[in-house]
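Residue-level structure breakdown
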Amino acid sequence: MKILVCVSHVPDTTSKIAFVDNNTKFDTTAVQFIIGPYEDYALARAVELKESSGATVTVLNVGLADTEPTIRKALAIGADDAIRVNSEPTDSFFVASQIAEHAKGYDLILMGRESIDFNSGVVHAMVGEMLGIPSVSPVMKLDIDGTKAKMTKEIEGGKEQVEANLPLVAGCQEPIAEWKIPNMRGIMSARTKPLKVVEPKATEQSVANKNFELPAPKGAVKMISADNVAELVTRLKTEAKVL
Amino acid sequence: MNILVFIETAEGKIRKTSLEAVAYAKAMGASVTAIVLGTADNNEMQSVGKYGATKVLHANDAKLDQQVIQVYSSVLAKAMEDENADVLVLANSSLGTPVAAKVAIKTKASFASNVAELPNTSSGFTVKRSIYTGKAFAHVELKNAKKVIAIRKNAAELKEVGGNAQVVGYSVTLNDADFNTKTVSHEKATGDILLPEAEIVVSGGRGMKGPEHWGIIEDLAKALHAATGCSKPVSDMGWRPHHEHVGQTGVKVAPQLYIAVGISGAIQHLAGVNSSKCIVVINKDADAPFFKAADYGIVGDAFEVLPKLTQAVLAAK
Ligand SMILES: Cc1cc2nc3c(=O)[nH]c(=O)nc-3n(C[C@H](O)[C@H](O)[C@H](O)COP(=O)(O)OP(=O)(O)OC[C@H]3O[C@@H](n4cnc5c(N)ncnc54)[C@H](O)[C@@H]3O)c2cc1C
Ligand SMILES: Nc1ncnc2c1ncn2[C@@H]1O[C@H](COP(=O)(O)O)[C@@H](O)[C@H]1O
């Protein structure tokens, strides 16, 4: 079985978000970049499948050269080789088009439920559409039974058991697998694993990020005494007008 | 401009966020047609007229009761063509978002999800979408003539502007190959208020000490007609189901009122609640970081404060 895991290179979840150049560019000062947390689940499940059934795992990232430490980390966790599509990941349609270009021939294409920078939650659906294969997300459990994938998918207020034939795209989330932390051997071997850099294919630009904005800052918290909770109810009614 | 709005139903009722999608389309000043797939109640369908749809296409085919994303996207792409629709609007959801993405590809439309406000059409066509898990917004230009917009909760105000819509049958030709996923079974909390759509949410964290104490969270939720949520460790430990966990890796809520009890306010939790209109924090530690993100705070023991608060809510009714 051939597995492709698509990883994004995103600010750590605790990062403070800020913009520069007249709010047109993300401020990377002091930001630590990581593999997207959902993709960490996807990668962990891929490595488990590799260990249990002898799959090969390729990681793919659409990004500029600065994403290579993130790709190397994925290799250290257990992927066999990597592809970097050398381009700024401007929007989900663009990213999906690039992934679809390289995803043919894989039995299982694993992604995260959503990237934590653009949060579109759609690249898996788009890649499935472009390749004409099923896509399922968010997947909390994934087992392969011959040519079939058996999955648990989360829906609003519950979950579903879903089946689909391979090849398949799945957007993963916990508890599909436990995150894996690279060990020393993994880190050493990752240095020499193949990382192929390819140029993007030309695609029509259907959307353009104009500029960014931060939410309005919150006012100061109003403290209410624990002995006087009725006052909270009154304030929620008359002041905040939310009851 | 013709706009098509995809309407989702849950247990026979039209989802509130789908009504917001109708209101969103109407506010764009357009002629709005809604579309419902599968078995649905006629009165419910007519009621979308109140928010500005003049016509409801009803594809009343029992095969559509299985909500297969590929099937839905094919039907909607065809309906856009049949109705000469330039724009498809729908609500972000586990069904709607992937369907929208696929329709966008089939129709060569520009696409945006998590859209938070009405479009700005002063020059070009720009939408404001939430990014970095609610920590920022992007203004995105949708360049193609056709557009698919997935809105998040509160992107448009629900205002009654009309009467009943006319429901017309819409016949579909379904392609067997589109039934490419099969739902074998589902488990769903019935009758509960869905967390992503709730106007009031009461959430508990590790400070609640154990699942056996959730009764006082539920009592307050019941008194407020609220949905219940929790922090990630609470669902990790199995105190509450996974779909209740709020935050960066869980549900992003956008209620009028979010009440957090015994939750410290880690940045990953805040990422899921920062679109709430009003946040109340109850925590025994006056230095809990959540207070900085709150509108109202009570420093106190949840086990004492919650029952009193529930009583005060009931007394004020
Ligand atoms: C990649 C990543 C993603 C994450 N995603 C999420 C996410 O989506 N959602 C999420 O919630 N977390 C997430 N986390 C975890 C997050 O960092 C915190 O660990 C978590 O939110 C803490 O949960 P908590 O506030 O319930 O528990 P704690 O931090 O243990 O806080 C418990 C609080 O309860 C208070 N307390 C104790 N007893 C009482 C009492 N009797 N009465 C009142 N208050 C009391 C304490 O003062 C304390 O503030 C993520 C972490 C990572 C690394
Ligand atoms: N730049 C990228 N390179 C590779 N994969 C990506 C990239 N961006 C997003 N993805 C994948 O697509 C999933 C969904 O992303 P999104 O639709 O942006 O929320 C992510 O969890 C990743 O697995």
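Parameters and conventions
- Residues numbered from 1 in each chain as written.
- Chains lettered and ligands numbered in written order.
- Predicted model: local features only at pLDDT ≥ 70, side-chain atom pairs only at ≥ 80, totals over all residues.
- Heavy atoms only, no water.
- Salt bridge = Lys/Arg side-chain N within 4 Å of Asp/Glu carboxyl O.
- Helix = DSSP H or I, 4+ residues; strand = E, 2+ residues; numbered from the N terminus.
- Buried < 20%, exposed > 50% of the residue type's maximum accessible area, 1.4 Å probe, protein only.
- Contact = heavy atoms within 4.5 Å.
- Buried area = accessible area lost by both parts, 1.4 Å probe.
- Polar contact = N/O pair within 3.5 Å; in protein donor to acceptor, adjacent residues only side chain to side chain.

**Regarding the pattern of salt bridges**
Residues and elements named next belong to chain A. Tallying each qualifying case throughout the model produces 30 salt bridges over all chains. The salt bridge involving Arg 45 is made with Glu 48; its shortest N-O contact spans 2.6 Å. With a gap of three residues between them, Arg 45 and Glu 48 both fall in helix 1 (residues 37–53), about one helical turn apart. The closest approach of N and O atoms between Glu 163 and Lys 148, which form a salt bridge, is 3.4 Å. Taken together, the residues Glu 163 in strand 11 (residues 158–165) and Lys 148 in strand 10 (residues 148–155) connect sequence positions 15 residues apart. Looking at Glu 163, the relative accessible area reads 16%, which means it is buried. Under the relative-accessibility criterion, Lys 148 is labelled partly exposed at 32%. What you see here is one network of salt bridges that share partners, running through Arg 45, Glu 48, Lys 141 and Asp 143.

**Some details on the interface of chain A and chain B**
Where interface size is given, it is often the accessible area lost as the parts come together that is meant. Listed as interface residues are 77 residues of chain A and, on the opposing side, 81 residues of chain B. Here chain A packs against chain B, burying approximately 6600 Å² in sum over the two surfaces, 56% of which is carbon and sulfur. Together, Glu 129, Glu 156 and Lys 218 of chain A form the three largest contributors to the area buried by chain A at its contact with chain B, with a combined 11%. For the pair chain A and chain B, the interface holds seven salt bridges. Connecting chain A to chain B are 43 residue pairs in polar contact (both at pLDDT 80 or more).

Interpretation note: all reported values are geometric properties and have no functional meaning in isolation.
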